[in-house]
Amino acid sequence: MNYYQEEMECASREKMRELQGERLAKTVRHVYENVPYYRRMMDERNVAPGDVKSLDDLPKLPFLTKNDLRDAYPYGLLAVPLTDAVRIQSTSGTTGRRVVAFYTQGDIDLWDECCARAIVAAGGGKDDVVHVSYGYGLFTGGPGLNGGSHKVGSLTLPMSSGNTERQIQFMCDLGSTILCCTPSYAAYLAENIASQGLRGQIKLKAGIFGAEAWSEEMRADIEKSLGIKAYDIYGLTEITGPGVSFECSEQTGMHVNEDHFIPEIIDPETGAVLPEGSKGELVFTCISKTAFPLLRYRTRDICVLSRKACSCGRTLIKMSRLMGRSDDMLIIRGVNVFPSQIEAVLMKCGLTSNYQIIVDRVHHTDTFEVKVEMTPEMFSDTVKDISTREEELVASMRAMLGISPKVTLVAPRDIARSEGKAVRVIDRRKI
Ligand code: DLL
């Protein structure tokens, strides 16, 4: 079923805990000996490498934040001699210093393995044509899925992002069966395929979509328009890239590759570790990488972890779909608003995921607007007028959020499309 799982030998929780403990102890020794930053942090807390022997000792280690990574830019957290590192990747961050992650060949091999697991879980194999439309280059999306696809033995189309016409042509000509890209780009490709009348010519069966937040409703939309099963995939550059976790046939959250990354959920305010099933900030500890193994890295992503048995047979812990980011949460007139909540309302009301949230401050008061594209059917419907539809949306948003945005319906294709991660929030208050 899942060829790429060390977990096969670790089917019991006890065995997995043992493996994680061993790898954790080894990684802690490795970073203590090779990274002055970690040595200093551990010495300050009187934690010796020998004090971390099992999973239970994890809380003895301090958290690491994105700011720590920025301060250490570029080489401060590199844990191997530069001669052993063979690759860098970098975050897509637009503010502050970028974060640079390093890989040895061994680190790349295990990253490929993680992405291979994701492709296999989406039904991929040697007979598949894997169409990778994530960006290549510094962004981890393209290289990650590319490596995974090679490992599975699928035919890999390294399309990268952009040039939508060529994407669709190759998809038709080469018979792509698995599409890998951001969900917003998948929706855009679907729109174009439909408008060119090419739906009958594509052979896609599955999609592996991640790198940005998306909702169940958006999944249903993409699945319907492309005639595929759409699987979520999660990851971040700091930890390795895509493939930290991946969805299986059950499509109810993503299995974490916990033989390589230990997940924890903490209270973002207090840092307290929360019990399984609690909603909080996701923290990861890398236990098998050597060049850039981060310990207790705070992702700022909000989700829930669960060990409920999965129908696919995998015993790897599952993380829910992301419920937002601790730093993505907007506070509008004192109310906490997550873009994912807005998206859920829009999709429930039959709209598309082509929307933008615009927040500003006028005379010390926050203004809050949601601009969303009408579907072509709504656009041509003369029975219900636009202002009635807008009012209905305002009422649904008020019910969900507790505050009312101004809702503006715009014509189909009015909102600029993105080939990578979509820009959904424009917060002018920070400018
Ligand atoms: O986005 C890695 C990636 C590439 C993941 C391709 C999946 C597919 P970064 O650019 O470092 O890396 O951004 C990481 O993106 O902390 C999340 O906030 C967000 N993110 C990633 N996957 C998902 C997902 C890549 N499936 C940041 N759902 C993370 C929601 C996601 N958000």
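This text goes with the structure placed above it.
Please read all numbers here as calculations on a predicted model, not as lab measurements.

**Observations concerning the pairing of strand 11 (residues 279-286)**
Part 1: Of all the eight residues making up strand 11, seven are buried; the element is thus mostly covered by neighbouring parts of the structure.
Part 2: Where strand 10 (residues 261-266) meets strand 11, six bridges bridge the pair, whose relative direction is antiparallel. Opposite F261, over in strand 11, you have C286 as the bridge partner.
Part 3: Where strand 11 and strand 12 (residues 297-306) come together, five bridges link them in antiparallel fashion. The partner of V283 across the bridge, within strand 12, is R298.

**A short note on the side chain of S90**
Part 1: For S90, the location among the structural elements is in strand 1 (residues 87-90).
Part 2: Overall, the relative accessible area of 3% leaves S90 in the buried class.
Part 3: A distance of 3.1 Å separates a polar side-chain atom of S90 from the backbone oxygen of V99.
Part 4: Not counting the four nearest positions on each side in its chain, S90 is found in contact with R98, V99, L138, F139 and T237.

**What to know about the pattern of salt bridges**
Part 1: Tallied over the full model, the rule gives 24 salt bridges.
Part 2: Residue R13 is joined to E258 by a salt bridge in which the shortest nitrogen-to-oxygen separation is 3.8 Å. Of the two residues, R13 sits in helix 1 (residues 13-34) while E258 sits in the loop between strand 9 (254-256) and strand 10, which places them 245 residues apart along the sequence.
Part 3: For E216, the salt bridge identified is with R321, shortest N-O distance 3.1 Å. Residue E216 is found in helix 8 (residues 216-226), and its partner R321 is found in the loop between strand 13 (318-319) and strand 14 (330-332); the two are separated by 105 residues along the sequence.

**Overview of the sheet that holds strand 12**
Part 1: Strand order in the open sheet made by the eleven strands is 4-3-5-6-7-8-9-13-12-11-10, with mixed pairing throughout. Looking at which strands have only one partner, the edges of the open sheet turn out to be strand 4 (155-157) and strand 10.
Part 2: Bridge analysis of strand 3 (residues 129-132) against strand 4 gives three bridges, and the strand direction is parallel. Within strand 4, the position partnered with V129 by the bridge is L155.

**Examining empty space enclosed by the protein**
Part 1: The tally for this structure, following the rule as stated, stands at three cavities of 30 Å³ or more.
Part 2: Computed from the structure, the largest cavity encloses a volume of approximately 60 Å³.
Part 3: Surrounding the largest cavity, L69, A72, Y73, P74, L77, V99, V100 and F292 form its lining.
Part 4: Split into classes, the residues belonging to the lining of the largest cavity amount to eight nonpolar, no polar and no charged.
Part 5: Around the second largest cavity sit Y38, M41, M42, L61, P62 and L295, which together line it.
Part 6: Tallied by class, the residues present in the lining of the second largest cavity amount to six nonpolar, no polar and no charged.

**Focus: the packing of helix 9 (residues 339-348) against helix 11 (residues 386-401)**
Part 1: Where helix 9 meets helix 11, the axes come as close as 10 Å, and the angle between the chain directions of the two elements is 140 degrees. With respect to helix 11, the element helix 9 is oriented oblique. Regarding helix 9 and helix 11, the two cross each other, and that crossing is right-handed. On the side of helix 9, the interface is formed by Q341, I342, A344, V345 and L346, while helix 11 contributes L393, S396, M397, M400 and L401.
Part 2: By residue class, the composition of the contact of helix 9 with helix 11 is eight nonpolar, two polar and no charged.

**Some remarks on the environment of S161**
Part 1: Tracing the chain through its elements places S161 in the loop between strand 4 and helix 6 (164-174).
Part 2: In contact with S161, other than residues within four places in its own chain, are S133, Y134, G135, Q167 and E419.

**Points about the nonpolar core**
Part 1: In this structure, Y38, L77, I239, F284, L294 and M319 are the most contacted members of the largest nonpolar core, which totals 53 residues.
Part 2: If you tally residues by element for this core, the top one is helix 4 (residues 105-121), at five residues.
Part 3: Grouped together as the second largest cluster of nonpolar side chains are 24 residues, L19, V120, A206 and I208 included.

**Some words on the packing of helix 7 (residues 183-195) against helix 8**
The relative placement of two packed helices comes down to the angle between their axes together with the axis-to-axis distance.
Part 1: Running from N to C, helix 7 and helix 8 point in directions that differ by 35 degrees, and their axes come no closer than 10 Å. Our pair here, helix 7 against helix 8, has a crossing hand that is left-handed. On helix 8, the residues touching P183, S184, A186, A187, A190 and I193 of helix 7 are M218, I222, S225 and L226.
Part 2: Considered class by class, the residues forming the contact of helix 7 with helix 8 number eight nonpolar, two polar and no charged.

**What to know about the layout of surface pockets**
Part 1: The computed volume of the second largest pocket comes to approximately 560 Å³.
Part 2: Lining the second largest pocket are 22 residues, and of these E191, D221, S225, T352 and P376 sit closest to its centre.
Part 3: Of all the secondary-structure elements, those providing two or more residues to the lining of the second largest pocket are helix 7, helix 8 and helix 10 (376-380).
Part 4: When residues in the lining of the second largest pocket are grouped by element, the largest group, six residues, is from helix 8.

**Examining the site of the ligand**
Part 1: The ligand sits among 21 residues. The nearest are D232, I233, T237, D301 and K421.
Part 2: For the ligand, a nitrogen atom lies 2.8 Å from a polar atom in the side chain of D232.
Part 3: If the ligand stood free it would expose 610 Å²; the protein chains cover 93% of that surface.
Part 4: With five residues, strand 7 (residues 229-236) is the single largest residue contributor to the shell around the ligand.
Part 5: Its residues assigned to classes, the shell around the ligand comprises nine nonpolar, six polar and six charged.

Reading the values: the criteria
Residues numbered from 1 in each chain as written. Predicted model: local features only at pLDDT ≥ 70, side-chain atom pairs only at ≥ 80, totals over all residues. Heavy atoms only, no water. Buried < 20%, exposed > 50% of the residue type's maximum accessible area, 1.4 Å probe, protein only. Helix = DSSP H or I, 4+ residues; strand = E, 2+ residues; numbered from the N terminus. Pairing = 2+ DSSP bridges. Polar contact = N/O pair within 3.5 Å; in protein donor to acceptor, adjacent residues only side chain to side chain. Contact = heavy atoms within 4.5 Å. Salt bridge = Lys/Arg side-chain N within 4 Å of Asp/Glu carboxyl O. 1 Å grid on protein atoms, 1.4 Å probe; cavity = no way out; pocket = protein on both sides within 12 Å on 5 of 7 lines; lining within 4 Å. Points joined across faces, edges and corners; volume = space filled by probe spheres on them. Nonpolar A, V, L, I, M, F, W, Y, C, P; charged D, E, K, R; others polar. Axes fitted to C-alpha atoms, helices over the stretch in contact; angles between N-to-C directions. Parallel < 35°, antiparallel > 145°, perpendicular 65-115°, else oblique. Left-handed = near helix turned anticlockwise from the far one by under 90°. Core = buried A, V, L, I, M, F, W, Y, C linked by side-chain atoms within 4.5 Å. Near = heavy atom within 4 Å. Areas by Shrake-Rupley, 256 points an atom, 1.4 Å probe, with all protein chains shown as cover.

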